[in-house]
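# A structural walkthrough
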Amino acid sequence: MTVEKFIPNQTTTLETPVKVLEAGRQQAGENTSSNPAAKIGFVSLGCPKNLVDSERILTQLRTEGYDVVPTYNDAELVIVNTCGFIDSAVQESLDTIGEALAENGKVIVTGCLGIKEDEIREVHPNVLAITGPHAYESVVERVHEHLPKPVHNPFEHLVPDHGIKLTPRHYAYLKISEGCNHRCTFCIIPSMRGDLVSRPVGEVLDEAKRLKAAGVSELLVISQDTSAYGVDVKHRTGFWNGMPVKAHMQQLCEKLGELDMWVRLHYVYPYPHVDDLIPLMNEGRVLPYLDIPFQHANKRILRLMKRPGSAERTIERVKAWREACPELIIRSTFIVGFPGETEEEFEELLDFIREAQLDRVGCFAYSPVEGAKANDLPDPVPEHIKQERLARFMEVQSEISAARLKQRIGKEYLVVIDSVDAEGAVGRTYADAPEVDGVVHLNGVHDVKPGDRVWAEIIHADQHDVWGVISPEDDEALDDETTA
Ligand code: SF4
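Residues numbered from 1 in each chain as written. Predicted model: local features only at pLDDT ≥ 70, side-chain atom pairs only at ≥ 80, totals over all residues. Heavy atoms only, no water.

### Re the nonpolar core
- Membership of the largest hydrophobic core comes to 59 residues, with the highest contact counts inside it found for L256, L290, F294, W321, F334, F352 and F393.
- With six residues, helix 12 (residues 343-356) is the single largest residue contributor to this core.
- Filtering out sequence-adjacent residues up to four positions away, F334 remains in contact with F294, Q295, H296, L349, F352, I353, L358, V361, G362, C363, F364 and F393.
- Within the second largest apolar cluster, 25 residues are counted, among which are L61, A129, V140 and I164. (Core = buried A, V, L, I, M, F, W, Y, C linked by side-chain atoms within 4.5 Å. Buried < 20%, exposed > 50% of the residue type's maximum accessible area, 1.4 Å probe, protein only. Helix = DSSP H or I, 4+ residues; strand = E, 2+ residues; numbered from the N terminus. Contact = heavy atoms within 4.5 Å.)

Spelled out as structure tokens, the structure:
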């Protein structure tokens, strides 16, 4: 989608982990349909950062011999990895815990909402245990207490080196840090996940290398604040392949760029040193794609949000980035109806998006999050005005997005295939991140499979997606260029 409302429930269902694990079993030629292992149901809610936590928990459980099953009935215990970002996400998490309790009865809760143990226990006093976000060891310990480790491990040889992934084989999230040092007033993530803790640079690069060896061709670099990578360790020098590498976003990107994969940067906070990434995009080391949440354009609202920047300065930077790298795609998110936002300030935001001409934009109406500082701000915007502003924002951005996508018509792009169905293949170019952006429809194309890359000419566009036809010369060679 090019313009979307914030949807907190990017839910991984109970079946998803199982499907992924089953594919691994089949690849390894094992039949474990009648295995005697301890059986766990797993539900993962929330954002990609939470999904990575789920992958780590599942990897550990599988390493220990637990099986992951697709139904509440088959499970001896259910783990719910929750989201607590906004109130509707909290409600969804509580509902999911309730469903798991009703259907199964033995439930362990983990994830962001886990820090609000009292709130969970008030609604669901019978959950077996509650742990907080990225508390992998404690979740597994709680599982041991309620469902002892299997003596025989039927999956010993089935956990791949790169661990268990819940994404398709050809792309993977690479989480480079936990927590956040900022204190945006609308956000409670620092209180849930703590201050920034960067992973050692050698460890991150090793993981990227393992993912590549496992068939991943696109890395989605994520964290709460990707551009702050290494700040907490004063950009300490680590080692990788025997060479010194600093824990710094730029050096990390340079090294990731050597792996010959698509490297896509998400959640980049608009620090000045983001400018230094543009040359790496021109050199083809990282994709010319920046997911950079601006949140607002008006100086006063940004100050109230405790976010940096102002409209003029941001526009200057966007222009300079595009001048230096014309292929650059910018994705951003905004909040409308923040407490105290006046009609003039909202219109300033509309002027900003008209001028900035961003490619992909998500927008949501401000919703108070329990525990967030912004709740104490005066002059809350009435709900109907928030919704009206959201609609106006989306109307303006839809036109911009449609015009930006139209510019792709007649050009050729390298398209990575994500799925193939009766209608044809669906894929993405460098300009489209999975799950959040639009797609390329290649109707009638069936002789491809997920992960393949083909050149396609774009022949049609709407405000979200584009349609293309395979380029005649594509049969001859696929290379790593992104556009022609
Ligand atoms: S940068 Fe702001 S919005 Fe993002 S996680 Fe940190 S505090 Fe929250």
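There is more to say, and it comes next.
### Considerations on the pairing of strand 19 (residues 440-443)
- Summarising the sheet, strand 18 (residues 424-428) and strand 19 pair through four bridges and their orientation is antiparallel. The residue bridging G424 from the neighbouring strand is N443, located in strand 19.
- Taken together, the two bridges between strand 19 and strand 21 (residues 466-470) define a ladder with parallel strand orientation. Across the sheet, the residue bridging to H441 is W467, located in strand 21. (Pairing = 2+ DSSP bridges.)

### With respect to the packing of aromatic side chains
- Per the counting criterion, the structure on display carries seven aromatic pairs.
- An angle of 20° between the planes, with centres 6.4 Å apart, marks the rings of Y413 and Y430 as stacked. Of the two residues, Y413 is situated in strand 17 (residues 412-421) and Y430 in the loop between strand 18 and strand 19; the sequence distance between them amounts to 17 residues. Exposure class is identical for Y413 and Y430. Each is buried.
- Here the guanidinium or amino end of K49 rests over the ring plane of Y267, the centre of that ring lying 3.7 Å away.
- Over the ring of Y413 we find R408, and its NZ or CZ is 6.0 Å from the ring centre. (Phe/Tyr/Trp six-rings, centres within 6.5 Å; stacked < 30°, edge-to-face > 60°. Lys NZ or Arg CZ within 6 Å of the ring centre and 35° of its normal.)

### A short note on the confidence of the model for the protein
- Scored by pLDDT, the protein comes out at a mean of 87, with 88% of its residues at no less than 70.
- Considering only residues more than four positions removed or in separate chains, one finds that residues 30-34, a stretch of pLDDT under 50, has five contacts. (pLDDT = per-residue confidence, 0-100.)

### Quick notes on the pairing of strand 15 (residues 329-336)
- Burial within strand 15 is extensive, with seven of its eight residues counted as buried.
- In this sheet, strand 15 lies alongside strand 14 (residues 289-291) in parallel orientation, the contact comprising three bridges. Among the inter-strand pairings, Y289 is bridged to a residue of strand 15, identified as I329.
- In the sheet, strand 15 pairs with strand 16 (residues 360-365) via six bridges, with the strands oriented parallel. Looking at the pairing, F334 lines up with C363 of strand 16.

### Quick notes on the pattern of salt bridges
- Enumeration over the complete set of coordinates arrives at 33 salt bridges.
- As a salt-bridge pair, E141 and R142 come within 3.6 Å of each other at their nearest N and O atoms.
- Close ionic contact of D437 with R331 constitutes a salt bridge, the shortest N to O distance being 2.7 Å. Highlighted residues: D437 in the loop between strand 18 and strand 19 and R331 in strand 15, separated in sequence by 106 residues. R331 carries the same exposure label as D437, and that label is buried. (Salt bridge = Lys/Arg side-chain N within 4 Å of Asp/Glu carboxyl O.)

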